[in-house]
Amino acid sequence: MKFLAACTLVPILCFAFQDLGSKYGGMDWLTKDYAAWPLMIAPVLMLVLFLRSRELIRNPRMGSNFSQTIKIVAAMYLFLNIIVAIGYSRLAVISVLSSLTILVADRQLKKHARGHLPSR
């Protein structure tokens, strides 16, 4: 959860720092790159985390909080990276695909886990 929190908060803080620093701080060297690249890298890192934590998602008792959190964050980054892909760089399509992979794979892992529940 700490790594997921870092993947969530660092790009948002970079975006806020870039916006405030360039607008009010007179820091012209803070370009859109400082906000866009962390937004594009975070979903890819979250996909790596998701792939390493598949067992948490398969076990609803242990990983329901992780699963719900990563889906919410992936949906947020999906929306943000679609905007980045349109307005800044076509490389954001990789991040969009990473976010979509997380959302679809989470549902598939849960469906697969429900199908293999032990009978009583």
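Conventions we followed
Residues numbered from 1 in each chain as written. Predicted model: local features only at pLDDT ≥ 70, side-chain atom pairs only at ≥ 80, totals over all residues. Heavy atoms only, no water. Helix = DSSP H or I, 4+ residues; strand = E, 2+ residues; numbered from the N terminus. Axes fitted to C-alpha atoms, helices over the stretch in contact; angles between N-to-C directions. Left-handed = near helix turned anticlockwise from the far one by under 90°. Contact = heavy atoms within 4.5 Å. Nonpolar A, V, L, I, M, F, W, Y, C, P; charged D, E, K, R; others polar. Salt bridge = Lys/Arg side-chain N within 4 Å of Asp/Glu carboxyl O. Buried < 20%, exposed > 50% of the residue type's maximum accessible area, 1.4 Å probe, protein only.

Undergrad: Looking at this model, I keep getting lost on the environment of N59. Mind explaining?
TA: Following the sequence through the fold, N59 ends up in the loop between α3 (54–58) and α4 (60–87). Between the C-alpha atom of N59 and that of A113, which follows or precedes it by 54 residues, the distance is 7.5 Å.

Undergrad: Can you help me understand the packing of helix α2 (residues 33–52) against α4 in this one?
TA: When two helices pack together, their arrangement is captured by the angle between the axes and the distance separating the axes. As a packed pair, α2 and α4 sit with axes 10 Å apart at the nearest point and diverge in direction by 145°. Considering how the two elements wind past one another, α2 and α4 form a crossing that is left-handed. Contacts between α2 and α4 involve A36, L39, M40, A42, P43, M46, L49 and F50 on the former and, on the latter, F66, I70, V73, A74, Y77, L80, N81 and V84. Residues that form the contact of α2 with α4 fall into these classes: 15 nonpolar, one polar and no charged.

Undergrad: What is the right way to look at the pattern of salt bridges in this model?
TA: Here the idea is simple: oppositely charged side chains can pair when their charged atoms come close. A full pass over the atoms with the stated rule returns one salt bridge. Between D106 and K71 there is a salt bridge, with the nearest N and O atoms lying 3.7 Å from each other. Placement of D106 in helix α5 (residues 92–115) and of K71 in helix α4 is noted, with a sequence separation of 35 residues between them. Owing to a relative accessible area of 29%, K71 belongs among the partly exposed residues under this scheme.

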